[in-house]
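Survey of secondary and tertiary structure
One letter stands for each residue in the lines below.
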Amino acid sequence: MIGVGGISFIFGVIPAWLTTFFSFPGSKIFEIALFFPISIPGYIVAFVYVNTLEFSGPVQSSLRDILEWSKGDYWFPEIKSLGGGILVMGFSLYPYVYMLVRSSLKNVSNSVTIASTLGFSSLKSLFSVIIPSIRPSIIAGLSLVLMEVITDFGTPQFLAIDTFTTGIYRTWFLLHDKYSTTVLAVAELIFVATLIAIEKKLQKKGISYSSINTNADYHNKRSAVESGLKKTPNEIEWTAYTMGHGPISTCLNVHIPLIKKSILSGFLLVFMDTIKELTATLIIRPFNFETISTRIYELVSDERYREAAPFSLIIVIIGLISTITLFTLDDKDKK
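Residues numbered from 1 in each chain as written. Predicted model: local features only at pLDDT ≥ 70, side-chain atom pairs only at ≥ 80, totals over all residues. Heavy atoms only, no water.

A word on the packing of helix 3 (residues 42-53) against helix 4 (residues 58-67)
The axes of two packed helices give the description: the angle between them and the distance between them. Closest axis-to-axis distance for the helix 3/helix 4 pair is 4 Å, and the angle between their directions is 15°. Between helix 3 and helix 4, the interaxial angle falls into the category roughly parallel. For the pair formed by helix 3 and helix 4, the contact residues are Asn51, Thr52 and Leu53 on the first element and Pro58, Val59 and Gln60 on the second. A breakdown of the residues in the contact of helix 3 with helix 4 according to their chemical character gives three nonpolar, three polar and no charged. (Axes fitted to C-alpha atoms, helices over the stretch in contact; angles between N-to-C directions. Helix = DSSP H or I, 4+ residues; strand = E, 2+ residues; numbered from the N terminus. Parallel < 35°, antiparallel > 145°, perpendicular 65-115°, else oblique. Contact = heavy atoms within 4.5 Å. Nonpolar A, V, L, I, M, F, W, Y, C, P; charged D, E, K, R; others polar.)

Structural data, given as structure tokens:
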């Protein structure tokens, strides 16, 4: 978890800072592209990673052909290993940190300008304004990453890494030991609940450090729809009531039109998670019921990689379209 958290921190915070405060050729494309990994399930990334770098994959095969090596003539890192899992999961999950930190930095840019007019140097602004303001976002993002690491099944299963979730699956479906499964599941739930509690506590402390009030759309809201509602001025609702609109009429004619982007964003987030969800689907799906993700899992488990590729591509394309749409909605909302 520490390794995944470290990768997520580096590739979440630094690119967010660069794309927010600096303009360079291709910065807009770079800003959007950094979102893309969140749309691709980790198990698909692991599938591509292994099949590209394994002994019979194109990388090692090309090296042997070009350098006329044979097996045993060279050393290559173990692909299905803990290190490989850290890399795959880190580069799959860092967008959680990037997304939250980027949102905070966009909101804090005005505060940085104010700090400059008050005589703050760049270094003082960094430590007095920027870091305290993005600290809650970093904590929230890393908490999400760690929770994803704990609950992920497909990626560690494919990379032959033992985790809580793979242990739960194996104990339940292979050993048929419901008692041990329950113990493992409760332990995992306690760990996740502890992470959430720590995150909330640290966020409250982090917000108090800031000398200039800032808000980040993501870590101060619990959902996209709630975020949209909180942005709606109370005066609009009061005006609707004074014009004779009741609660239902106000909701239909005032609230929904104002938060339609937030509703769409929330729908897209749920849609993406539903499409790529594997763990829960494998456990609670009805008999003889398949989804795209479970089909990929079964084909990859049987090493039928060619058959799994089209299904993987479908998820990737759907995810990329959804991510671009989300980014566009968020970008328009900031303007």
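Topic: the layout of surface pockets
Quantified by volume, the second largest pocket comes out at close to 400 Å³. Breaking the lining of the second largest pocket down by element, the ones donating at least two residues are helix 3, helix 5 (82-117), helix 6 (122-151) and helix 13 (260-276). The dominant element in the lining of the second largest pocket, judged by the number of residues it contributes, is helix 5, at four residues. A class-by-class count of the residues in the lining of the second largest pocket yields ten nonpolar, five polar and five charged. (1 Å grid on protein atoms, 1.4 Å probe; cavity = no way out; pocket = protein on both sides within 12 Å on 5 of 7 lines; lining within 4 Å. Points joined across faces, edges and corners; volume = space filled by probe spheres on them.)

With respect to unusual backbone geometry
Even without being a glycine, Glu68 presents a positive backbone phi close to 55°. Its place among the elements puts Glu68 in the loop between helix 4 and helix 5. For Ala160, which is not glycine, the phi dihedral falls at a positive 60°. With respect to the helices, strands and loops of the structure, Ala160 is situated in the loop between helix 7 (154-158) and helix 8 (164-174).

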